[in-house]
Amino acid sequence: MQRCDHWIVPEWAAPSGVKAVCSTRAGGFSRPPFDSLNLGDHVRDEPAHVRANRERLGERLAPNRPVFLQQVHGTSVVRLDRTTADGTQADGCVTMAGSGAAATIMVADCLPVLFALASGEAVAAAHAGWRGLANGVLENTVEALRRGTG
């Protein structure tokens, strides 16, 4: 695992071209108690700080754009592309190679679960809290990845 001030890049046996990154709390614009790289627009942080933090993550993921879902501890899965709106409600997402979108999941005390087809042609991510796990978010995400649709 490689780590710098605000990014963790796991070393994993993923298909060629498939990458993952996890942000830490460091390296952003938010002030306490959100300091500093808060990406959540639902926690009373200054909207301008959240936008700046999300732009910083977007620079790291370029040319793909991170799509920030409205996660509700459910089981819905959506297929992402560069035009998918932030705030789309889902707890799992699938993106195809060349779509221009990065599968983005935010977590605090839940788990981010990442998937990839062996070909590397599609990846998926799921927000796995206890409600979603109990109700099938992982199964729905795998099925959407297999179909290539959300």
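One structure accompanies this document, and this report is about it. (Residues numbered from 1 in each chain as written. Predicted model: local features only at pLDDT ≥ 70, side-chain atom pairs only at ≥ 80, totals over all residues. Heavy atoms only, no water.)

Another aspect to go through is the sheet that holds strand β9 (residues 122-128). The strand order across the open sheet formed by 4 strands is β5-β6-β9-β8, and the pairing between neighbours is mixed. Each edge of the open sheet is held by one strand with a lone partner, namely β5 (77-80) and β8 (111-116). For this sheet the average axis-to-axis angle between neighbouring strands, irrespective of direction, equals 20°. Sheet topology note: the strand β6 (residues 92-96)/β9 ladder contains 5 bridges and is antiparallel. Across the sheet, Val-94 pairs through a bridge with Ala-124, a residue of β9. The strands touched by helix α3 (residues 137-147) are β5, β6, β8 and β9; relative to β9, the strand with the most contacts, the crossing angle is about 170°. (Pairing = 2+ DSSP bridges. Helix = DSSP H or I, 4+ residues; strand = E, 2+ residues; numbered from the N terminus. Axes fitted to C-alpha atoms, helices over the stretch in contact; angles between N-to-C directions. Contact = heavy atoms within 4.5 Å.)

What the rule picks out here adds up to 5 salt bridges. Salt-bridge contacts for Asp-35 lead to Arg-25; the nearest nitrogen and oxygen are separated by 3.4 Å. Taken together, the positions of Asp-35 in the loop between β3 (22-23) and α1 (47-61) and Arg-25 in the loop between β3 and α1 put the pair 10 residues apart, joining distant regions of the chain. Of the residues examined, Arg-25 reaches a relative accessible area of 53% and is grouped as exposed. Residue Asp-41 is joined to Arg-54 by a salt bridge in which the shortest nitrogen-to-oxygen separation is 3.8 Å. With a gap of 13 residues between them, Asp-41 in the loop between β3 and α1 and Arg-54 in helix α1 connect regions that are remote in the sequence. Salt bridges here are not isolated pairs; linked through shared partners, they connect Glu-143, Arg-146 and Arg-147. (Salt bridge = Lys/Arg side-chain N within 4 Å of Asp/Glu carboxyl O. Buried < 20%, exposed > 50% of the residue type's maximum accessible area, 1.4 Å probe, protein only.)

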